[in-house]
Structures are given as structure tokens and as C-alpha cells.
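Okay, here's what each chain looks like letter by letter:
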Amino acid sequence: MADNSDSGSRLAALNSVTLGAKMPQITLADGTKLQTGTVGALLINIRSYNEAHKAGDRAKMEQLKEAMRATLPLLDRVGMFDLFRPEEWIAGDNEGRKAVGKMYQEFKSQ
């Protein structure tokens, strides 16, 4: 279940920009490749999305959605949404979390 090199490279670039450091990719014993920094970058992007939402900056929100959407295959693969169901992401008043939960539901319906 190795990571597609194009999507892995794209996620690596997005994570590195978000975190301000080049984040390595690791290979698990079963050959699965995982991009490090993905959860940390997602948390930062959720916070930035919340700020953009509060400011009404739709262009920034769309840019952040693209970065957050890129994390979904990896987070799905490692079971993030088994631990925290999409409905839990959507509940409450955190707009960034809601966006991730809704995007994950769309991702799984494809």
C-alpha cells in the first residue's frame, strides 16, 4: 500500500510549507510510505482556516481547503477517522474541523 509518488510529493511540499521545515517520508515494515508532519500541518491549517473564516477571506479558505483535502488519503489510511469519526469533526463551532469532516465524507463517498 505504498504512497503514490505524485500525491506523496505534493503532500510533502504542502506539509513543509505549512510547518516551515522539510518533512521526511518514512517507510513502514509493510512498505507503506507515510509523510511525516501531516497531522501537525493539518492542525495549523485548521487554525488558519478558522481565522480566515472569521475574517471572511474566502480565497484563503479555499487555499487551505486544498491543503487540508490533500491529507485525507493518508489520515484515512492510518485510521484517524476511525478514532475521531467525521461526525465528531463536524459537530461544534470550529469551522476548520467542520470543513475537514465534510471533505472526508465527500472523499469516502467517491
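A brief structural summary. (Residues numbered from 1 in each chain as written. Predicted model: local features only at pLDDT ≥ 70, side-chain atom pairs only at ≥ 80, totals over all residues. Heavy atoms only, no water.)

### Notes on the pattern of salt bridges
Note that side chains of opposite charge can pair when their charged atoms are close. For the coordinates displayed, the defined rule picks out six salt bridges. Among the ionic pairs, Lys108 bridges to Asp76, the shortest N-O distance being 3.3 Å. Of the two residues, Lys108 sits in helix α7 (residues 95-109) while Asp76 sits in helix α4 (residues 72-77), which places them 32 residues apart along the sequence. Judged by relative accessible area, Asp76 falls into the partly exposed class, the value being 24%. Each of the salt bridges in this network shares a partner with another, and the network as a whole consists of Arg85, Glu87 and Glu88. (Salt bridge = Lys/Arg side-chain N within 4 Å of Asp/Glu carboxyl O. Helix = DSSP H or I, 4+ residues; strand = E, 2+ residues; numbered from the N terminus. Buried < 20%, exposed > 50% of the residue type's maximum accessible area, 1.4 Å probe, protein only.)

### Re the packing of helix α3 (residues 58-70) against α7
Contact geometry for α3 and α7: axes closest at 10 Å, N-to-C directions at 55°. Looking at the two axes, α3 sits oblique to α7. The hand of the α3/α7 crossing is right-handed. Residues Lys65, Met68 and Arg69 of α3 lie in contact with α7, whose contacting residues are Ala99, Val100 and Met103. For the contact of α3 with α7, the class distribution of residues is four nonpolar, no polar and two charged. (Axes fitted to C-alpha atoms, helices over the stretch in contact; angles between N-to-C directions. Parallel < 35°, antiparallel > 145°, perpendicular 65-115°, else oblique. Left-handed = near helix turned anticlockwise from the far one by under 90°. Contact = heavy atoms within 4.5 Å. Nonpolar A, V, L, I, M, F, W, Y, C, P; charged D, E, K, R; others polar.)

### Thoughts on helix α2 (residues 38-55)
Taking 1.5 Å per residue as the helical rise, α2 with its 18 residues ought to reach 26 Å, and the 25 Å between its terminal C-alpha atoms agrees with that figure. For α2, the set of buried residues is Thr38, Ala41, Leu42, Asn45, Ile46, Tyr49 and Ala52. Looking straight down α2, one finds its buried side chains confined to an arc of 140°; they lie on one side. Turned more than 90 degrees away from the buried face of α2 sit Arg47, Glu51, Lys54 and Ala55, all of them exposed. Gly56, located one to two residues past α2, shows a positive phi value of around 75°. (Expected span 1.5 Å × (residues − 1). Arc of directions from axis to C-beta.)

In short, shape yes, function no, at least from these values alone.
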